[in-house]
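One-letter residues, chain by chain:
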Amino acid sequence: MGNLWKWSGNSLLILLIYFCFVLGADVLAAPVDLVIVLDRSGSMAKHLNDPKGLAAPAAAFILEQLSLMGEDNRAAIVPFNDYVMVLGQKTADVRKALTRNIPGLIEMLRAGTSDDAFEFRENAPENPADFSRLLRSQMNENGETELDPALNLAGRILAEKPERQKVIVLLSDGKPEVNYKDRTRLQQLGEFLGMDLIKRYQSGGAANVKNQINKKYADYILDKTIKELIGNNISILPIAFEAGKRGSKGLAEFLKQIREMSEGDKNVPLTTSSTLIQKLMDFLPSGANHIQLHKGINFIEKNTTLTVKEHNITIPKFSNQVRFLFSFPNSHPAYKVGMKFYHNDKLVTDTGQILDYEVIHTRQRQRDNSLVYLSFRFKGKDITGKWRIELMDQSKAQAQGLPQTDLLIDVRADLNLEIQSIPQPDFMRTREPVEFKFTLFGGSGSSAYAIPLKKIDAFLLGRKPESISSESNRIRNIKYAKASTASWDKFDHPGLYMLKGWAYFIPKGFSGLRLKVYFKQFLKVQSADPVEAWFSYRGSRQKIPESKLPFPALGEELFIDFSNLLVQTSSKGYVSELNLKLEPLVHENLGVEASSWIYLKTGKIKRISKQIPFTVPLSVKLPEVINPDLPDGNYKTVLSLNNGITELDSLEIIVPVKIPRLVADKENINKLFAEKKDNPVITFENAIYYPGPVPHHFEIPLWNTSNSEASVSPFFPFVQGVKILDQAKNYLSSPRNDKVLFSHEDKVFLIPEKNAKKPGVIKASVVLQDDSLNGNSYMNMLHLKAERHRIKNIKLITHIKFVPRIYLLAMAGLSLFLSLIMLLKFKTWWKNRKLFEGFEGDQEHNELDCFSMFRKERLGGVTSARANATDKENSLLFQGRNWNYCVVKRNGGVKPQDSKNRYMVNTGDTIEIEKGKKIFHIRIDSVPKRLKPNDYRYSINKSMFNNGNRMWTYLISGFIFALFGLYMFVWPYGILKLLQL
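## Overview of the overall build of the chain
Logical step 1: Tallying secondary structure elements over the chain gives 13 helices and 55 strands in all.
Logical step 2: Considering the chain as a whole, with its 981 residues, one finds that 51% of them fall into the buried category.
Logical step 3: Long-range pairs, those at least 24 residues apart, make up 72% of the contacts in the chain between residues at least 6 apart in sequence.
Logical step 4: Carbon and sulfur atoms provide 50% of the accessible area of the chain, an area that totals close to 46,100 Å².

Here you go:
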């Protein structure tokens, strides 16, 4: 935000603008197209640098000046702050911006600064109330001084008609500043200003980082934007005011640089005090058909009790319109001023009442409704001869007197300054002398007459190519007569030059000051010796066929350096006046520009010869930040080889472009991007089933369409979610909720190249901080940025669907019920545990019980065959009880039963016991020779309880179900949080 408005009075503004506008306008030839670039940043507000609200009256005065200069002149107004607009248009349309309806533009300025209901006379809007609101919003003072987009828009507006004169008037109160709130804008500028500097600012760098960015931004505007405008023959005329409360001392120097680059001089006055009026006396020029006759500074020196003031002036015979402009430096709402105009002693106007002549009457006011200026323009009849003006106090009882007043009188004239040259402008060559002849004619047709010139200030300025743009020379050898002549020794370099300056004269019978005529003419200077040169491929001297140069595809590869292109010449000696020019890179079908993608490292060829060609340093590179709407396809540009401004050869360069992007579906990796719908917003959804500030996660798989791994930086412009009211409508119209907060987990995610087997994953989460939002859905937009990739937007939607508490309590009850069943099962098994332990002795029958009791029934017993058996003999017999059983040998055979229903037991035998549906399979693992309880081993392979281990499963499961049930009963949503559902 820059700042510059500290005034000593309204007339200061009027004369300052008058100076800047007339000094730069080419009024000789074609009509003028003018764009006023009007600063509406926050520093222009009432309490800062424009307390009186003089910016709009200043712009209105410029428009009046343009109207006086010619009926065919056109204008547009471009207000700017953080954003750039065309005054009166909802959406900027450069084709319809310029208009000849100058009074309509002035009316829009007044309506945009009016707080009251405005009655339109010059415009006819369908809805005046809506139109007034639009104008007020566009003229509202807020935001930063984002100058570059405003200058670019003005340049596009003026590009329509190349045959017309093109002028930009920059009316600002400060040096340019970046819109730091716009992250996308910062990323775009990072390509030119340096991403390291932008990242330092974004990471909370030192305070001087912002100053460094602003300085680089100003340099960028000078080096790129201003040069491009000048290259399109657009004059840029800045206006500097003294710094106000938040002023910028470096502004004057910045504006002087713009002025010098555009016009070759530094005539940008700076308002340092009320003495500026005297400073301007030496600089105020006039135009060929617009002549200033009188600069009545301090026409009334200060507020006084004087009630009447007169002034007499003679209007020269070459005039066809005259304007009388009164400005009031220290005006107050109480002052009431009336005017009377006499022509040749006849009253023609009395305080706005038109008695004779066609009169255009304009008044402009300050914020407090006091007058800034009054303007009367007379036309339609012979206005030459003597005029008398009377200024009168019309306040109540003439109690106020007349305010301090400045008077400016200027005319539209029938004048023509004819400039002839030998040789003619298109046939000049370097190292050859040139003679210029200046003749000023008054009147027109058969009645034209020559007017002798008293003085000529003439300058020659280099314009194209850029290598001669710094040349500025004054012509000194001038002889004065009815036709004055000036000689110039020689031009050192070929190219386009501008002859500009002022011719001074005194009309016959005119008793006023010496008058000025401004002139500007372009001269095309060719090389003294013809030069032949052309483009060829390395290894060949032949001109490239069809003058077309196809480039490799750009996109899967992010940078291509083309080093196979040469410039050849047939000259045996060294040639040093050649230069290269590269046109903007433009989509072949849609006309969209991608100018900064193709680079020519140098535009000047210093020395080449037949033996030593020149390698053209041409490369194409995707920028770090890409316009998200830029289409894929073939982009074209033209590379021309010039001698000065004479084209020797040209190449049409075709660059196939497939901008890398991130896609959610691998099938879209090779799809071309033509419109925004080809890069749709990806939507991912999750649900929140329980209350509490616990993160709920999104995992977003992505593929990368380039051949390189992409480092993706995600960010949420706003972390708060937007409530979804209607799926079919724009969610962002809803207010954001600071209780639904989105975040991403890492600063950078790596997305693998297009041929990787698996996609990369972006991780984000949402936290709900208010339990009362149950039943709603919220959305947020995650922006993904990767260098030299399209920006990708991910829509994240979270649905809040708490599980009802009664369901969770029912689950707790079920868990406790299952726990009871498990514990009862364990109890049953526990009672039969002896079945699995073995060897419970039976002293009564002199045998050992080999199996525990099953429900108080013995399954069978093992006894000794002979008490005196030796260790080598098997002494164990199995004897059944009330169960059916048999012994199955290891080989599958069945041992026969003896008469006593007993069996000799051996290792590996399986005893199968059954009674009804109760079945036991017992395997003998170890049989000692003598019955020793510690040596005998068996295992149960099949039973009602399997092998007995399940008893502990029931016990553990019972405890788990019990703990789960109790936990769910005390904290119903706790388990959902633990499981991260």
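## Describing a nonpolar patch on the surface
Logical step 1: Where nonpolar side chains cluster on the molecular surface, the patch consists of Trp830, Trp952, Ile956 and Ile960 and spans about 430 Å² of accessible area.
Logical step 2: Sort the elements by how many residues they give to the nonpolar patch and helix α12 (residues 950-970) lands first, with three residues.
Logical step 3: Mapped onto the elements, Ile960 comes out in helix α12.
Logical step 4: Exposure remark for Ile960: the relative accessible area of 53% places this residue in the exposed category.

## Here's the deal with a positive patch on the surface
Logical step 1: Side chains of Arg110, Lys336, Arg363 and Arg365 sit close together on the surface and give a patch of like positive charge.
Logical step 2: Here Lys336 shows up in the loop between β7 (319-327) and β8 (337-343).

## A short note on helix α7 (residues 195-202)
Logical step 1: Every buried residue of α7 is accounted for by Met195, Leu197 and Ile198. When α7 is viewed along its axis, its buried side chains cluster within an angular range of 160 degrees and face the same direction.

## Focus: the sheet that holds strand β23 (residues 495-505)
Logical step 1: Spatially, five strands are ordered β16-β24-β23-β19-β20 in an open sheet, and the strand pairing comes out mixed. Here the strands that pair on one side only, and so sit at the sheet edges, are β16 (428-429) and β20 (472-475).

## So, the sheet that holds strand β1 (residues 32-39)
Logical step 1: With respect to topology, four strands assemble into an open sheet ordered β2-β1-β3-β4, the strand pairing being parallel. Pairing within the sheet leaves two strands with one partner each, and these edge strands are β2 (74-80) and β4 (234-239). Adjacent strand axes in the sheet meet at a mean angle of 20 degrees when their direction is disregarded.
Logical step 2: Bridge count for strand β3 (residues 165-171) against β4 is six bridges, and the pairing is parallel. Bridging from a neighbouring strand, Val169 pairs with Leu237 of β4.
Logical step 3: Taken strand by strand, helix α2 (residues 55-69) contacts β1, β2, β3 and β4, and its axis lies near 175 degrees from that of β1.
Logical step 4: Relative to the sheet, helix α8 (residues 208-231) contacts β3 and β4, its axis offset from that of β4 by approximately 130 degrees.

## Some words on the pattern of salt bridges
Logical step 1: Evaluation of the coordinates by the stated rule reveals 23 salt bridges.
Logical step 2: A salt bridge links Asp219 to Lys215, with the shortest nitrogen-to-oxygen separation between them at 3.4 Å. Within this pair, Asp219 and its partner Lys215 are both found in helix α8, separated by four residues, close to a single helical turn.
Logical step 3: Given the relative accessible area of 30%, Asp219 is considered partly exposed.
Logical step 4: You can call Lys215 exposed: its relative accessible area is 54%.

## Quick look at the packing of α2 against helix α3 (residues 102-112)
The description of two helices packed together rests on the angle between their axes and the distance between the axes.
Logical step 1: Contact geometry of α2 with α3 gives a least axis separation of 9 Å together with a crossing angle of 175 degrees. By the angle between their axes, α2 is roughly antiparallel relative to α3. In this structure, α2 uses Ala56, Ala59, Ala60, Leu63, Glu64, Leu66 and Ser67 to contact α3, whose residues at the interface are Ile102, Leu105, Ile106 and Leu109.
Logical step 2: Broken down by class, the residue content of the contact of α2 with α3 amounts to nine nonpolar, one polar and one charged.

## Comments concerning the packing of aromatic side chains
Logical step 1: Inspection of every chain in the model, using the stated rule, returns 20 aromatic pairs.
Logical step 2: With a centroid separation of 6.5 Å and 85 degrees between ring planes, the pair formed by Phe459 and Trp502 is classed as edge-to-face. One end of the pair, Phe459, is in strand β19 (residues 455-464); the other, Trp502, is in strand β23, with 43 residues separating them in the sequence.
Logical step 3: The exposure class of Trp502 is buried, given its relative accessible area of 9%.
Logical step 4: When the centroid spacing of 4.7 Å and the interplanar angle of 50 degrees are considered together, the rings of Phe491 and Tyr497 count as tilted.

## Details of the nonpolar core
Logical step 1: Grouped together as the largest cluster of nonpolar side chains are 58 residues, with contacts concentrated most on Phe324, Phe326, Phe341, Phe378, Trp387, Phe438 and Leu499.
Logical step 2: In terms of residue count, the dominant contributor to this core is strand β24 (residues 515-526) (five residues).
Logical step 3: Setting aside anything within four residues of it in sequence, one finds Phe341 in contact with Phe324, Phe326, Lys346, Leu347, Val348, Thr349, Phe376, Phe378, Trp387, Arg388 and Ile389.

Scoring rules and cut-offs
Residues numbered from 1 in each chain as written. Predicted model: local features only at pLDDT ≥ 70, side-chain atom pairs only at ≥ 80, totals over all residues. Heavy atoms only, no water. Helix = DSSP H or I, 4+ residues; strand = E, 2+ residues; numbered from the N terminus. Buried < 20%, exposed > 50% of the residue type's maximum accessible area, 1.4 Å probe, protein only. Contact = heavy atoms within 4.5 Å. Areas by Shrake-Rupley, 256 points an atom, 1.4 Å probe, with all protein chains shown as cover. Patch = residues over 30% accessible without salt bridge, like charges linked within 9 Å, V, L, I, M, F, W, Y side chains within 5 Å. Salt bridge = Lys/Arg side-chain N within 4 Å of Asp/Glu carboxyl O. Lys, Arg positive; Asp, Glu negative; His and termini not counted. Charge placed at Lys NZ, Arg CZ, Asp CG, Glu CD. Arc of directions from axis to C-beta. Pairing = 2+ DSSP bridges. Axes fitted to C-alpha atoms, helices over the stretch in contact; angles between N-to-C directions. Parallel < 35°, antiparallel > 145°, perpendicular 65-115°, else oblique. Nonpolar A, V, L, I, M, F, W, Y, C, P; charged D, E, K, R; others polar. Phe/Tyr/Trp six-rings, centres within 6.5 Å; stacked < 30°, edge-to-face > 60°. Core = buried A, V, L, I, M, F, W, Y, C linked by side-chain atoms within 4.5 Å.

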